[in-house]
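# Understanding the architecture of this molecule
Next come the chains, spelled out residue by residue.
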Amino acid sequence: YLFSEDFAFQLIPGSKEGQRRAALWDANPRTAQENPMDGLINPDDYEKGLEEAWERAKPKGSTVTVKDKLKQWSSQNNPHFWRNKLSA
């Protein structure tokens, strides 16, 4: 086992066993989560609270809105996410 590819697969990004287990987790409907808002009971309440908090904390003259940021983040591809593959 020590000299196999499966040894310490949790520590090796992109290992075959790690990819196999990640695919199993993603295939399960309870653990697959494409949208981060899926786990919220009331996403509208969360967005409303976030908007109220931003209105209190934002700097003067800022034109950034919560709705614009949520829209931007919904289509964001995070290159530093550990499951994303590096492009050559």
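Now for a look at the structure at hand. All of these numbers come straight from a predicted model, not from anything done at the bench.

### Details of the pattern of salt bridges
Proximity of charged atoms lets side chains of opposite charge pair with each other. The full count for this structure, using the stated rule, is three salt bridges. With a shortest N-O distance of 2.7 Å, R20 and E17 are connected by a salt bridge. In this pair, R20 and E17 both sit in helix α1 (residues 16-27), three residues apart, roughly one turn of the helix. Residue E17 is classed as buried on the basis of its relative accessible area, which comes to 13%. In this structure, the salt-bridge partner of E55 is K58, at a minimum N-O distance of 3.6 Å. A residue is classified by how much of its surface remains accessible, and E55, at 44% relative accessible area, is partly exposed.

### Let's talk about unusual backbone geometry
At A8, a residue that is not glycine, the phi angle is positive and equals roughly 55 degrees. Relative to the assigned elements, A8 resides in the segment before α1.

### Some remarks on the packing of helix α2 (residues 43-57) against helix α3 (residues 66-74)
At a minimum axis distance of 10 Å, the contact between α2 and α3 shows a crossing angle of 125 degrees. Overall, the two elements α2 and α3 adopt an arrangement that is oblique. Facing α2, whose interface residues are E47, L50, E51 and W54, α3 presents V66, K67 and L70. In terms of residue class, the contact of α2 with α3 is made up of four nonpolar, no polar and three charged.

### Quick look at the environment of L40
As for its placement among the helices and strands, L40 is situated in the loop between α1 and α2. Taking the C-alpha atoms as reference, L40 lies 28 Å from G18; in sequence the two are 22 residues apart.

### Section: the side chain of E17
Here R20 takes part through its side chain, which lies 2.7 Å from a polar atom of the side chain of E17. Setting aside residues no more than four positions away along its own chain, E17 makes contact with D6 and F9.

Criteria and cut-off values
- Residues numbered from 1 in each chain as written.
- Predicted model: local features only at pLDDT ≥ 70, side-chain atom pairs only at ≥ 80, totals over all residues.
- Heavy atoms only, no water.
- Salt bridge = Lys/Arg side-chain N within 4 Å of Asp/Glu carboxyl O.
- Helix = DSSP H or I, 4+ residues; strand = E, 2+ residues; numbered from the N terminus.
- Buried < 20%, exposed > 50% of the residue type's maximum accessible area, 1.4 Å probe, protein only.
- Axes fitted to C-alpha atoms, helices over the stretch in contact; angles between N-to-C directions.
- Parallel < 35°, antiparallel > 145°, perpendicular 65-115°, else oblique.
- Contact = heavy atoms within 4.5 Å.
- Nonpolar A, V, L, I, M, F, W, Y, C, P; charged D, E, K, R; others polar.
- Polar contact = N/O pair within 3.5 Å; in protein donor to acceptor, adjacent residues only side chain to side chain.

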